[in-house]
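Chains, contacts and geometry: an overview
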Amino acid sequence: MEFQTISVRQFSEYRKRPDTWIIDLRSKEEFEEVHVEGARNIPFENLKMYQKYLPKDKMYILYCDRGSSSLMAARELSKEGYRTVTVVGGIQSVLQNIQKY
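This is a predicted model, so every value here is computed, not measured.

**A short note on the sheet that holds strand β5 (residues 83-87)**
If you walk across this open sheet you meet the five strands as β1-β5-β4-β2-β3, and the pairing is parallel. Among the strands making up the open sheet, the edge pair consists of β1 (4-6) and β3 (40-41). The pairing of strand β2 (residues 20-24) with strand β4 (residues 59-63) spans five bridges and is classified as parallel. Its bridge partner lying in β4, I23 is registered against L62. Strand contacts of helix α4 (residues 68-79): β1, β4 and β5, with the helix running at about 170° to β5, the strand carrying the most contacts.

**Here's the deal with the pattern of salt bridges**
Going through the model one piece at a time under the given rule, you end up with seven salt bridges. When the shortest N-O distance is used, the salt bridge between R17 and D19 registers 3.4 Å. A salt bridge links E32 to K28; its shortest N-O distance comes to 4.0 Å. Here the residue E32 and the residue K28 both occupy positions in helix α2 (residues 28-33), the gap between them amounting to four residues, near one helical turn. What makes E32 exposed here is its relative accessible area of 55%. Connected through salt bridges with shared partners, the residues R17, D19 and R83 form a single ionic network.

**Concerning the packing of aromatic side chains**
Counted according to the given criterion, the structure contains three aromatic pairs. Ring geometry for W21 and Y60: centres 5.7 Å apart, planes at 90°, overall edge-to-face. With W21 in strand β2 and Y60 in strand β4, this pair connects stretches of sequence that are 39 residues apart. Accessibility classification places W21 together with Y60 in one group, the buried group.

**Concerning the nonpolar core**
Counting 15 residues, the largest nonpolar core has I6, F11, I22, V36, I61, Y63 and V87 as its most contacted members. Sorting the residues of this core by element identifies α1 (8-14), β4, β5 and α5 (90-97) as the ones contributing at least two each. In contact with V36, not counting residues within four places along its chain, are F11, R15, I22, Y63, I91 and V94. Grouped together as the second largest cluster of nonpolar side chains are 13 residues, I23, L25, L54 and Y60 included.

Quick notes on the rules
- Residue indices begin from 1 for each chain and proceed along its sequence in written order.
- Owing to the predicted nature of the model, reporting of local features is limited to residues with pLDDT of at least 70; listing and counting of side-chain atom pairs is limited to 80 or more, with chain, interface and lining totals taken over all residues.
- As a rule here, side-chain values cover all heavy atoms of the structure and leave hydrogens and water aside.
- Here, strands pair whenever DSSP counts at least two bridges between them.
- Only DSSP runs of H or I with at least four residues qualify as helices, and only runs of E with at least two residues qualify as strands; both kinds are numbered from the N terminus onward.
- Whether two residues touch is decided by their heavy atoms; if any such pair falls within 4.5 Å, the residues are in contact.
- Axis angles are defined between N-to-C directions and span 0 to 180 degrees, where every axis is a line fitted to C-alpha atoms and, for a helix, only to the segment in contact.
- Salt bridge, as used here: a side-chain nitrogen of Lys or Arg that lies within 4 Å of a carboxyl oxygen of Asp or Glu.
- Burial status follows relative accessibility: with a 1.4 Å probe on protein chains alone, a residue under 20% of its type maximum counts as buried, one over 50% as exposed, and anything between as partly exposed.
- Each Phe, Tyr or Trp ring (for Trp, its six-membered ring) is paired with any other whose centre lies within 6.5 Å, and the angle between the two planes then decides the class: stacked below 30 degrees, edge-to-face above 60, tilted in between.
- The term nonpolar core refers to a set of buried residues drawn from Ala, Val, Leu, Ile, Met, Phe, Trp, Tyr and Cys, joined through side-chain atoms within 4.5 Å.

And the structure:
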């Protein structure tokens, strides 16, 4: 199974889907400081531990700070049969552009 990278514009559309979970892969402290509304925090280093609790019938939008950790996470989860997308540029891109869309 493969994963996609999506733009902030696409993120705005994906997040409206009822089968979508938004996963913030940054640390708890970073998440508490700022995050996308509706996101769930699973720090990247804990993802493997929490993976068993993630239903496979969902679409997961993954983001981190700038996009590299979410790319690795999306790759790994997709190998395990999860439907994943990752936001290009991470939360930095989202915060700079979300109001436009």
